[in-house]
Structures are given as C-alpha cells and as structure tokens.
Amino acid sequence: MAPKSRSKRPSLLSKGRPPTVKPKQAALSAKATRNLIRSHHQLLKARAQAEKAGDAAKVSSIDAQIQANGGLDSYQIASKLGQSMDRGGDSSKLLIDWIKPQLDQWKPELPKLRVLEVGALSTKNACSRTPSLDVTRIDLNSQEPGILQQDFMERPLPSSDEERFNIISLSLVLNYVPDATGRGDMLKRCVQFLTSQCSISFTPTLFFVLPVACVDNSRYVTEERLLDILSSLGFHLVQTKRSNKLIYQLWNYTGESSPRSFKKEMLNPGAKRNNFAIVLREG
Ligand SMILES: C[S@@+](CC[C@H](N)C(=O)[O-])C[C@H]1O[C@@H](n2cnc3c(N)ncnc32)[C@H](O)[C@@H]1O
C-alpha cells in the first residue's frame with residue numbers, strides 16, 4: 001500500500017512561529033542564567049550576615065546550598081554566558097576604547113603598561129589582546145592556567161612600583177563582594193596597587209563595571225554617592241557609559257584625596273529598591 005501523502009498546508013501564523021525559530025530556548029537559558037547569578041549573590045550576602053552574627057550552623061547550611069547550586073564554578077560559567085547573551089559582551093573592549101589615545105604613544109621597544117584584572121574569567125579578552133598591555137589576571141576561582149587563583153583582598157601589598165599597576169580592572173567584581181564594608185575596603189585597596197610610573201604619559205586608572213541597579217535602584221548608593229566615595233579616595237571620573245543593564249566607569253587616580261568615612265545611609269527610600277551599599281572606613 002502506498003504511504004499516505006502528508007498534507008503540506010502551511011500552518012497559520014496565529015498558531016505560532018515555525019519550529020526553526022527557537023527564541024524560547026534562548027530566552028529560557030538567559031533567564032536561568034540570571035537566576036543562577038542572582039541566587040549566588042543572595043546566598044553570599046546571607047552567608048556574610050550569618051558569619052557576622054556568629055551563626056556557624058547557618059553558614060554551613062548556606063555553604064551547602066551554594067554547592068548544591070554548582071558553587072562558584074557554575075556562577076562563573078553563568079557570568080560568561082550572561083555576558084555573551086545579553087550583557088554587551090567583553091567589557092574590556094570599552095576600557096581599551098577609552099584609553100586608546102594614550103596607548104597610541106606606546107612603541108614595542110618600551111615596557112608594557114601593567115594591568116591588574118581582578119575577577120578575570122578569560123585570557124582572551126580585549127585587554128589580553130592589546131600588545132601594549134601586560135595583564136596580570138586573578139580570580140577567587142581560576143578557570144584557566146593564565147589566571148592566578150587569588151583573593152585580591154589577600155594579595156600581598158606591593159613593596160615597589162614594579163609590583164604596582166597602571167590600570168586596575170574591577171568589572172562586575174565590587175557587586176560580587178557580599179558586604180558593604182568589604183566593598184569600601186576593596187576600593188581603598190586599589191589605591192595601594194596603582195602607580196604613575198609608566199613608559200608613556202599615563203595617569204593611574206581604575207576601570208569598573210557595575211549592574212545599573214546598584215546605582216539607580218539602591219537605597220544606599222547613587223551615582224552621586226559613588227562620585228563622593230571615589231573622589232574622597234583621590235579618583236577623578238573621566239568616562240562613564242550606560243547600557244540597559246550595566247554602568248561602566250573610568251577613573252583616574254590623581255592622589256588628591258580627602259579621606260573621610262561613608263556610612264550606610266538611606267538616600268533613596270522605597271520598598272522596591274535594593275540594599276546595595278558601600279561603606280568606607282576612615283584610615
Ligand atoms: C561576575 S564575575 C565577572 C568576571 C569578569 N570580570 C567580567 O566582567 O566578565 C565576578 C568574578 O569576580 C571574582 N572575584 C570576586 N571577588 C574577588 C576577589 N576578592 N579577588 C579576586 N576575584 C574576585 C569572582 O570569583 C568572579 O569570578
């Protein structure tokens with residue numbers, strides 16, 4: 001018996017898109033990625049609070065939850081995916097665009113500029129592909145041989161300019177730090193790792209990237225507050241850019257600091273706002 005011929009009636013548009021178009025899969029993955037990142041951040045915050053309260057049982061139960069979610073490894077994979085899917089890709093491209101006019105002074109016979117990339121997930125980003133830059137990459141959990149497994153907060157303080165850097169990159173790292181004082185300490189620590197000693201005319205530079213929600217929707221941080229905090233440490237804002245999700249900033253370290261403390265202070269009350277905060281301790 002001859003096989004029944006299938007009717008090839010075109011399906012109605014009202015029945016949905018043809019199966020070759022699969023936006024649903026991608027959208028789901030993007031959502032799952034965001035959820036994983038969010039949940040990792042929330043668990044880290046809860047862990048920091050439990051540790052502060054001396055609640056060892058809660059700390060180990062949160063550690064178990066973090067591991068059950070795949071730990072820092074899964075978070076890092078999600079971060080990489082999240083960037084390629086909907087976060088505008090490699091943020092270091094923008095850093096290179098911003099400093100290109102200065103880098104153009106560099107010639108191959110000159111020593112390279114030293115970059116410290118904190119929270120490095122790749123050895124192949126725009127920074128690493130720039131011939132004038134010598135990049136030291138560190139991360140709490142190294143994903144590749146060219147990334148040193150190291151906590152920036154425990155990296156030994158430099159004893160000479162040879163151990164300092166012309167550029168420090170903190171791309172999506174400050175928001176990873178689970179407590180407000182830790183964030184302030186991280187910014188203060190950057191100052192100690194910067195140097196103006198350079199083979200070309202170049203002002204020590206800090207590049208950082210934060211989710212926009214950290215400055216637009218926080219009860220305790222605004223762009224103005226960020227400016228006040230970094231200015232007090234001796235930084236001067238030279239570039240800023242926003243995408244839908246991220247804020248990118250380039251700061252020059254002028255050394256003209258006016259040290260002061262910043263507490264966790266309610267600046268933007270609102271039930272739907274977040275608690276991202278930066279506390280700066282004097283001294
Ligand atoms: C969201 S990922 C960002 C990675 C990359 N910089 C980017 O923009 O795509 C944050 C990374 O910062 C790392 N990190 C957080 N605190 C750190 C610290 N104190 N020292 C070194 N790495 C840190 C985490 O391990 C994580 O891999």
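Residues numbered from 1 in each chain as written. Predicted model: local features only at pLDDT ≥ 70, side-chain atom pairs only at ≥ 80, totals over all residues. Heavy atoms only, no water.

A.B. asks: Please clarify how the pairing of strand 7 (residues 246-253) should be interpreted in this entry.
C.D. replies: On a regular strand, each side chain points to the face opposite its neighbour's, so the side chains alternate between the two faces of the sheet. A large share of strand 7 lies buried, amounting to 8 of its 8 residues. Residues Leu246, Tyr248, Leu250 and Asn252 point to one face of strand 7 and Ile247, Gln249, Trp251 and Tyr253 to the other, with burial holding for every one of them. Of the pairings in the sheet, the one linking strand 5 (residues 205-211) to strand 7 comprises 7 bridges and is antiparallel in character. Bridging from a neighbouring strand, Phe207 pairs with Leu250 of strand 7. The pairing of strand 6 (residues 235-242) with strand 7 spans 7 bridges and is antiparallel. Bridge pairing in strand 7 links Leu237 to Trp251. Here strand 6 folds back onto strand 7 in antiparallel fashion, the turn holding 3 residues. (Buried < 20%, exposed > 50% of the residue type's maximum accessible area, 1.4 Å probe, protein only. Helix = DSSP H or I, 4+ residues; strand = E, 2+ residues; numbered from the N terminus. Pairing = 2+ DSSP bridges.)

A.B. asks: Sorry if this is basic, but what is going on with the pattern of salt bridges here?
C.D. replies: Two side chains of opposite charge can pair, provided their charged atoms sit close to one another. In total, this model carries 9 salt bridges according to the counting rule given. Linking Arg47 and Asp63 is a salt bridge whose minimum nitrogen-to-oxygen distance equals 2.6 Å. Here Arg47, found in helix 1 (residues 23-52), pairs with Asp63, found in helix 2 (residues 56-68); they are 16 residues apart in sequence, far enough to count as distant. In this structure Arg47 comes out as partly exposed when scored by relative accessible area, which is 23%. (Salt bridge = Lys/Arg side-chain N within 4 Å of Asp/Glu carboxyl O.)

A.B. asks: Would you explain the environment of Leu103 in this entry?
C.D. replies: Within the secondary structure, Leu103 is located in helix 4 (residues 92-103). In sequence terms Leu103 and Ser243 are 140 residues apart; their C-alpha atoms lie 25 Å from each other. Not counting the four nearest positions on each side in its chain, Leu103 is found in contact with Leu113, Thr130, Ser132, Leu133 and Ile200. (Contact = heavy atoms within 4.5 Å.)

A.B. asks: Explanation requested: the domain arrangement of the chain in the structure shown.
C.D. replies: Parsing the chain into structural domains produces domain 1 (30-83) and domain 2 (91-253). Averaged C-alpha coordinates put domain 1 and domain 2 at centres separated by 24 Å. Across the boundary between the two partners, domain 1 contributes 13 residues, which contact 13 residues of domain 2. Buried area between domain 1 and domain 2, both sides added, is near 1,100 Å², and the carbon and sulfur share of it is 55%. Joining domain 1 to domain 2, the criterion identifies 0 salt bridges. Seen at the junction of domain 1 and domain 2, the total is 6 residue pairs in polar contact (both at pLDDT 80 or more). Of all elements in the fold, only helix 1 and helix 3 (71-86) reach the threshold of two or more residues within the side of domain 1 that touches domain 2. Of the residues in the side of domain 1 that touches domain 2, the class split is 4 nonpolar, 5 polar and 4 charged. (Domains from an automatic or database assignment. Buried area = accessible area lost by both parts, 1.4 Å probe. Polar contact = N/O pair within 3.5 Å; in protein donor to acceptor, adjacent residues only side chain to side chain. Nonpolar A, V, L, I, M, F, W, Y, C, P; charged D, E, K, R; others polar.)

A.B. asks: I tried to follow the nonpolar core on my own but got confused; where do I start?
C.D. replies: Burial of nonpolar side chains together is a common tendency in soluble globular proteins. With 35 residues, the main nonpolar core has Ile168, Leu170, Leu187, Leu206 and Phe235 as its most contacted residues. Elements represented by at least two residues in this core include exactly strand 1 (113-118), strand 4 (167-171), helix 5 (180-193), strand 5, helix 6 (213-216), helix 7 (223-232) and strand 7. When residues of this core are assigned to their parent elements, the largest contribution, 5 residues, is made by helix 5. If sequence neighbours within four positions are ignored, Leu206 has contacts with Ile168, Leu170, Leu187, Cys190, Leu230, Phe235, Gln249, Leu250 and Trp251. Core analysis: the next-biggest nonpolar cluster, separate from the first, contains 22 residues, Ile96, Leu103, Val115 and Leu250 among them. (Core = buried A, V, L, I, M, F, W, Y, C linked by side-chain atoms within 4.5 Å.)

A.B. asks: I tried to follow the side chain of Arg137 on my own but got confused; where do I start?
C.D. replies: Within the secondary structure layout, Arg137 lies in strand 2 (residues 133-139). Despite being buried, Arg137 has no salt bridge partner; Glu117 is the closest side chain of opposite charge, sitting 4.6 Å away. Among the polar contacts made by the side chain of Arg137, one reaches the side chain of Ser128 at a distance of 3.1 Å. With residues up to four places along the chain from it excluded, the contact list for Arg137 reads Glu117, Ala120, Ser122, Thr123, Ser128, Gly146, Ile147 and Leu148. (Lys, Arg positive; Asp, Glu negative; His and termini not counted.)

A.B. asks: What am I meant to see in the sheet that holds strand 6 here?
C.D. replies: Sheets are built from strands paired through backbone hydrogen bonds, the pairs being either parallel or antiparallel. The strand order across the open sheet built from 7 strands is 3-2-1-4-5-7-6, with neighbouring strands paired in mixed fashion. Two strands lie at the open edges of the sheet, namely strand 3 (148-149) and strand 6, each paired on one side alone. For strand 2 and strand 3, the ladder comprises 2 bridges, and the chain directions are parallel. Looking across to strand 3, one finds that Ile138 is bridged to Leu148.

A.B. asks: Could you clarify how one ought to interpret the packing of aromatic side chains in this entry?
C.D. replies: Aromatic ring pairs are described here by two measures, namely the spacing of the ring centres and the angle between the planes. Under the definition given, this model contains 5 aromatic pairs. Above the plane of the ring of Phe165 lies Arg114, whose end atom (NZ or CZ) is 4.4 Å from the centre. Over the face of the ring belonging to Tyr220 we find Lys264, whose NZ or CZ atom lies 4.7 Å from the ring centre. (Phe/Tyr/Trp six-rings, centres within 6.5 Å; stacked < 30°, edge-to-face > 60°. Lys NZ or Arg CZ within 6 Å of the ring centre and 35° of its normal.)

A.B. asks: Explain the UniProt feature "binding site: S-adenosyl-L-methionine" (unreviewed entry) in the chain to me, please; I cannot follow it from the model alone.
C.D. replies: In this numbering, the UniProt entry assigns the feature "binding site: S-adenosyl-L-methionine" (unreviewed entry) to Gly119 and Asp139. In summary, the annotated positions, though distributed over 21 residues, converge in three dimensions, the widest C-alpha pair being only 4.5 Å. Of note, Gly119 is situated in the loop between strand 1 and strand 2. Ignoring anything within four residues of it in the chain, the contact list for Gly119 reads Ile138, Asp139 and Val173. Of note, Asp139 is situated in strand 2. The class of Asp139 is buried, set by a relative accessible area of 9%. For Asp139, the residues in contact, after removing those within four places along its chain, are Gln76, Gly119, Ala120, Leu121, Ile147, Leu148, Gln149 and Gln150. (UniProt positions renumbered as here; feature names shortened; annotations may be inferred.)

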